[in-house]
Amino acid sequence: MDFLKISNLSKSYGGVNANSDISLSIQEGEIVSIIGPNGAGKTTLFDLITGVTRADSGSVRFQGTEMSHLPTSDIAKLGVVRTFQQTKIFRDLTVLEAVMIGHHLHDSTTLWQSLLANRAARDQKQNKRDHALEILEFMGMADMRDLITQNLPYGEQKLLNIAIALAVEPKLLLLDEPAAGMNPMESLRMLGTIRKIQETGITVGLVEHNMRLVMNISERVFVLDYGELIAEGKPEEIRANHKVIEVYLGRQASA
Amino acid sequence: MPRFAPKGILILAALAMPLVFNEAFYQHIMIAAVINVILAVSLGIIVGYIGELSLAHGAFYGIGAYTSALLMVKLGLPFVAAFPLSVASAGFMGFIIGIPSLRLSGHYFAIATLGFQGIVVLLIINLVDLTRGPMGLPGIPSPGTLNLFGWSISFGDKLPFFYLAFAVMIVVLILVRNLLRYKFGEAFIATREDSLLAASLGVQPRNCRMLAFVISTALAGAAGSLYAHYTMFISPDSFTLGESIYLVTMVIIGGRGTIVGPLIGAVILTGLPEVLRFAGDLQFVIYGLMLMLVVIFLPKGIVGLVDQFKQRGAPLGN
Ligand SMILES: Nc1ncnc2c1ncn2[C@@H]1O[C@H](COP(=O)(O)OP(=O)(O)OP(=O)(O)O)[C@@H](O)[C@H]1O
Ligand SMILES: [Mg+2]
């Protein structure tokens, strides 16, 4: 059984086929990348997997469970969590508060317990705090925990995006352009972070324009163009693929 | 100094107030303030924590008042039964109204609640057989008397009623503080700040908004019940759009997104009309100006102003 299995997924916006008839699978424990020019449909694919938008047709199965009809929050409960291309970090909260919200699903406080503020409620909150601190430690951001998230430098905001998602304890983590706008040093740190995340046993799906990062880290690469999956394979195969070269170099030549 | 000391002193001071200022007129204002605190703090859950503007809080207040009054007048239920039932009925109406209106947000949500506010007043006016319409409902019993160790305390008197209402207010404040401090309050804030991000972390924005709305409207019902059995006469005039706007003003002037904010706002806006009575209709102009000034210069309300001073005085690294 495939870890994540996408079959014949399609979505169009008006006349634009953002995703057309995409089928692909991701195996447990690997890092895969999805690349393609601007507007190729990469973010749309993440939106469809996580229920942010509904597919016109097709299916998404995660560990055997059909997810294409589920709301986003239920998909998170199954263990599929994504970050957003535009930084989303609860801009008015502190770093610690934001990461604590990520651990919401593991907080079992009932309404009565919280109204009474009893031992159970306090313990759960403390757990959430401890867990959030662990994650900030893991991300190398522990010293920033009391800052308001929007005051963080850009690179740290991109890392916080991931920290919040990690707090959910996902099985499959989908990252939408985590290294966008980063300088080479920051990209390198991002690469290290993604590797470390994989080592904890989390499967990673990556959308990225930074080819060095993609080719360095991915076990397999999928290439989208105009909503269609035009190639898939190991990084070296993708590098040598004629269709892919045409899409990238052809566009550049005509630009 | 223990952490609870300042709060304890404030509560003791508040408890002493009606003994010190023991004229009926002052005691009346204090009871009104306590009821308004319950209303403003409960409305603050919607305005401050799910970030929506409800213009129907006066209507839920009215639903609580009429439910409680009618249960006692028509069915002869005791206060101890009528009070929780009025809380439940306001909360249940909140649930029903929440289903369509919580799908909306921003201006659209505000307009939906505005519509409901209008409908409730129209119903109270037109269900004459039940409510006596615009003439109002007289003869509502007081909560009754409590026999305690040979003492008999009548809640028809202002002083005991103040303490009854105050006890309810304290319970409401504690419940709301606890609700907002743990899992659910955090989820409300997450939903308010970014509902798409919240959902992708497993928070259920729909359920959060509904929970906040139902609890908020149920507490308005509690305030309504207290009001009905205090004044012993209710009419639609007390539960109009004007009342709803007045309550929103308390929350915003005091400071939304906190509990103390609406509390302070309620106390100030209950006292102010008495202070400004000499100004006649001009007082409404003064409220309007106050609201404008606060919104422009103090977006976080009076509480925000206090916070600013604190931060300026606080040592670095705190
Ligand atoms: N909500 C929407 N409404 C209309 N069109 C949309 C919407 N979302 C995406 N599209 C269109 O679908 C296509 C795919 O967009 P998508 O955002 O998935 O591309 P992408 O591969 O993520 O691009 P980028 O690399 O620029 O992030 C584009 O043509 C885009 O204009
Ligand atoms: Mg994109």
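Coordinates for the structure precede this section.
Residues numbered from 1 in each chain as written. Chains lettered and ligands numbered in written order. Predicted model: local features only at pLDDT ≥ 70, side-chain atom pairs only at ≥ 80, totals over all residues. Heavy atoms only, no water.

Draft legend 1. Inspection of the overall build of chain B at higher detail. Looking only at helices and strands, one finds 14 helices and 2 strands in chain B. Counting only C-alpha atoms, chain B reaches 55 × 45 × 45 Å along its principal axes. Across the 318 residues in chain B, those meeting the buried criterion constitute 50%. Put simply, of all contacts in chain B between residues at least 6 apart along the chain, 75% involve residues at least 24 apart. (Helix = DSSP H or I, 4+ residues; strand = E, 2+ residues; numbered from the N terminus. Buried < 20%, exposed > 50% of the residue type's maximum accessible area, 1.4 Å probe, protein only. Contact = heavy atoms within 4.5 Å.)

Draft legend 2. The arrangement of the site of ligand 1 in detail. Residue and element names in this part refer to chain A. The full set close to ligand 1 counts 13 residues, and G39, K42, T43, T44 and Q85 are the nearest of them. Separating an oxygen atom of ligand 1 from a backbone N or O atom of G39 is a distance of 2.9 Å. Within the complex, the protein chains bury 62% of what would otherwise be the 630 Å² of accessible surface of ligand 1. Elements represented by at least two residues in the shell around ligand 1 include exactly β2 (16–26) and α1 (42–49). A total of 3 residues in the shell around ligand 1 trace back to one element, the largest contributor, which is α1. Looking at the shell around ligand 1, its residues break down into 4 nonpolar, 7 polar and 2 charged. (Near = heavy atom within 4 Å. Polar contact = N/O pair within 3.5 Å; in protein donor to acceptor, adjacent residues only side chain to side chain. Areas by Shrake-Rupley, 256 points an atom, 1.4 Å probe, with all protein chains shown as cover. Nonpolar A, V, L, I, M, F, W, Y, C, P; charged D, E, K, R; others polar.)

Draft legend 3. Up close: the packing of aromatic side chains. Residues and elements named next belong to chain B. Using the criterion set out here, one finds 14 aromatic pairs over all chains in the structure. Judged by centre distance (5.1 Å) and plane angle (80 degrees), the rings of Y61 and F239 are edge-to-face. Separated by 178 residues along the polypeptide, Y61 in helix α3 (residues 57–75) and F239 in the loop between α10 (205–231) and α11 (241–254) bring together distant segments of the chain. Of the two residues examined, Y61 and F239, each falls in the buried class. Judged by centre distance (6.0 Å) and plane angle (70 degrees), the ring pair of Y66 and F239 falls under edge-to-face. Placement of Y66 in helix α3 and of F239 in the loop between α10 and α11 is noted, with a sequence separation of 173 residues between them. Comparing Y66 with F239 shows no difference in burial state: the two are buried. (Phe/Tyr/Trp six-rings, centres within 6.5 Å; stacked < 30°, edge-to-face > 60°.)

Draft legend 4. Up close: the sheet that holds strand β7 (residues 172–176) of chain A. Residue and element names in this part refer to chain A. Taking strand neighbours across the sheet as the criterion, the 6 strands line up as β6-β7-β8-β3-β9-β10 in an open arrangement whose pairing is mixed. Two strands lie at the open edges of the sheet, namely β6 (80–82) and β10 (228–233), each paired on one side alone. On average, each strand axis in the sheet is tilted by 20 degrees relative to the strand beside it, whichever way the strands run. Sheet analysis places strand β3 (residues 31–35) next to strand β8 (residues 203–207), joined by 4 bridges and oriented parallel. Of the residues in β8, the one forming a bridge with V32 is G205. (Pairing = 2+ DSSP bridges. Axes fitted to C-alpha atoms, helices over the stretch in contact; angles between N-to-C directions.)

Draft legend 5. Up close: the pairing of strand β2 (residues 151–154) of chain B. Residues and elements named next belong to chain B. Bridge count between strand β1 (residues 145–148) and β2: 4 bridges; the pairing is antiparallel. Looking at the pairing, N147 lines up with S152 of β2. In textbook terms, the turn of a hairpin is the stretch between consecutive antiparallel strands, and for β1 and β2 this stretch comprises 2 residues, one of which, F149, has a positive phi near 50 degrees.

Draft legend 6. Quick look at the pattern of salt bridges. All names here are of chain A. Under the counting rule described, the total for this entry stands at 15 salt bridges over all chains. In this structure, E30 engages R220 in a salt bridge whose closest nitrogen and oxygen atoms are separated by 2.7 Å. Note that E30 is positioned in the loop between β2 and β3 and R220 in strand β9 (residues 220–225), a separation of 190 residues in sequence. E30 gets classed as buried once you look at its relative accessible area, which sits at 7%. As a salt-bridge pair, R220 and E232 come within 3.5 Å of each other at their nearest N and O atoms. (Salt bridge = Lys/Arg side-chain N within 4 Å of Asp/Glu carboxyl O.)

Draft legend 7. Representation of the nonpolar core within the structure. Core analysis: the largest hydrophobic core is formed by 134 residues, its most contacted members being F90, V99 and L160 of chain A together with F188, L226 and I234 of chain B. Here the element with the most residues in this core is helix α2 (residues 24–49) of chain B; it accounts for 14 residues. Two domains each provide a minimum of three residues to this core, namely domain 1 (1–79 + 172–255) and domain 2 (88–169) of chain A. Sequence-distant contacts of F188 of chain B, that is, excluding residues within four places in its chain, are made with I45, Y49, I50, L179, L180, C208, L211 and A212 of chain B. Judged by nonpolar contacts, the second largest core, of 25 residues, contains V32, L45, V207 and F222 of chain A. (Core = buried A, V, L, I, M, F, W, Y, C linked by side-chain atoms within 4.5 Å. Domains from an automatic or database assignment.)

Draft legend 8. Region of the structure containing the sheet that holds strand β1 (residues 4–13) of chain A. All names here are of chain A. Ordered in space as β2-β1-β4-β5, the 4 strands form an open sheet in which the pairing is antiparallel. What marks the edges here is a single partner per strand, and that holds for β2 and β5 (65–66). In terms of strand pairing, strand β4 (residues 57–62) meets β5 through 2 bridges, oriented antiparallel. Its bridge partner lying in β5, R61 is registered against E66. Set on the sheet, α1 makes contact with β1, β2 and β4; between it and β1 the angle comes to about 115 degrees.

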